[in-house]
Amino acid sequence: MKLVFATNNLNKLREVQALVPPQIELVSLTDIGCTEDIPETSATIEGNAKQKTQYIKEHYGLDCFADDTGLEVNALNGAPGVYSARYAGDDKNADANMHKLLEGLKGTENRKAQFKTVISLELNGKQELFTGICEGTITHEKRGEGGFGYDPIFLPKGYSETFAELPLLEKNKIGHRGKAVQQLIQFLNR
């Protein structure tokens, strides 16, 4: 089965490719000639995921899936949430985003947070949603060289290493995106 993964984020593509069985061939936006920025104007993570798949279906006529992910921090009333990628500005700078988040939590004891990924699947004229959540806490400083986004400051529950310190295989097993992708794979294998 050939399926478009509606992302331009090569890190996400690598993460998901590591999870998908060989009978599912992932096709990137570049592969289908989609070079434009797909709008993400919804006020929710679910809405953005749906918006991306609907865009690909409308403009390219292809079955596809897309994800949207947000980091929700309790002490910040769920922020940055749907605005995670652009938390410190439209240039989507991960270091600036982490810096702004850590500054916003200075002096705060409650550092509980969760990553939430929603995958929207457009397949055979129907839409399905899959949600993965990983609970944890925000560290006081960046740790680790791996991962991307907020991974260096996110400590998953029950672990002493941040996502950026964990091997990709382990992160995929316990992480939000991995959980959502597993649900997607189970659905596709029915």
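Scope of this entry: the structure provided in the associated data block.

The rules behind the values
- Residues numbered from 1 in each chain as written.
- Predicted model: local features only at pLDDT ≥ 70, side-chain atom pairs only at ≥ 80, totals over all residues.
- Heavy atoms only, no water.
- Helix = DSSP H or I, 4+ residues; strand = E, 2+ residues; numbered from the N terminus.
- Buried < 20%, exposed > 50% of the residue type's maximum accessible area, 1.4 Å probe, protein only.
- Contact = heavy atoms within 4.5 Å.
- Lys, Arg positive; Asp, Glu negative; His and termini not counted.
- Charge placed at Lys NZ, Arg CZ, Asp CG, Glu CD.
- Arc of directions from axis to C-beta.
- Salt bridge = Lys/Arg side-chain N within 4 Å of Asp/Glu carboxyl O.
- Phe/Tyr/Trp six-rings, centres within 6.5 Å; stacked < 30°, edge-to-face > 60°.
- Pairing = 2+ DSSP bridges.

Within the protein, the secondary structure is distributed over five helices and seven strands. Shown N-terminal to C-terminal, the secondary structure of the protein runs as helices and strands in the order β-α-β-α-β-β-α-β-β-β-α-α. Oriented by its inertia axes, the alpha-carbon framework of the protein measures out at about 50 × 30 × 25 Å. Burial status across the protein gives 48% buried among its 190 residues. Sequence-distant contacts, at least 24 apart, represent 56% of the contacts inside the protein between residues at least 6 apart. The average position of the 22 basic charges and that of the 26 acidic charges among the side chains of the protein differ by 4 Å.

Among the residues of helix H3 (residues 94-104), Asn97, Met98, Leu101 and Leu102 are the ones counted as buried. Along the long axis of H3, the arc covered by the buried residues comes to 125°, so they all point the same way. The inward-facing, buried residues of H3 contact strand E3 (64-73), strand E4 (80-81) and strand E6 (126-138).

One side chain can pair with another of opposite charge once the charged atoms of both are near each other. This model, assessed by the stated rule, comprises 14 salt bridges. Two residues, lysine 171 and glutamate 15, come together in a salt bridge whose shortest N-O distance is 2.5 Å. Placement of the pair is lysine 171 in helix H4 (residues 168-174) and glutamate 15 in helix H1 (residues 10-17), with a sequence separation of 156 residues. Residue classification places glutamate 15 among the buried residues on the basis of a relative accessible area of 4%. The shortest N-O distance in the salt bridge between arginine 177 and glutamate 15 comes to 2.9 Å.

Inspection of the entire model under this criterion finds five aromatic pairs. With a centroid separation of 4.6 Å and an interplanar angle of 10°, the aromatic rings of phenylalanine 5 and phenylalanine 65 are classed as stacked. One end of the pair, phenylalanine 5, is in strand E1 (residues 2-5); the other, phenylalanine 65, is in strand E3, and 60 residues separate them in sequence. Judged by relative accessible area, which is 1%, phenylalanine 65 ranks as buried.

Right, let's get into the environment of leucine 26. Tracing the sequence through the fold places leucine 26 in strand E2 (residues 25-27). The class of leucine 26 is buried, set by a relative accessible area of 13%. Along the chain, leucine 26 and phenylalanine 65 lie 39 residues apart, while their C-alpha atoms are 9.9 Å from each other. Not counting the four nearest positions on each side in its chain, leucine 26 is found in contact with Leu3, Phe5, Leu13, Val16, Gln17, Val20 and Phe65.

Bridge count for E1 against E2 is three bridges, and the pairing is parallel. Its bridge partner being in E2, valine 4 is matched across the sheet by valine 27. Here two bridges tie E1 to E3, and the two strands are oriented parallel to one another. Its bridge partner lying in E3, phenylalanine 5 is registered against phenylalanine 65.

Moving on, we get to the environment of proline 152. Mapped onto the elements of the fold, proline 152 is located in the loop between E6 and strand E7 (154-156). Residue proline 152 is classed as buried on the basis of its relative accessible area of 10%. For the pair proline 152 and arginine 86, spaced 66 residues apart in sequence, the C-alpha separation works out to 17 Å. With residues near it in sequence (within four places) discarded, proline 152 still touches Met98, Thr139, Glu141, Lys142, Arg143, Gly144, Thr162 and Ala164.

Here we come to the side chain of lysine 171. Judged by its relative accessible area of 4%, lysine 171 falls in the buried class. Each residue touching lysine 171, except ones within four places of it in the same chain, is listed here: Glu15, Gly147, Phe148, Asp151 and Phe163.

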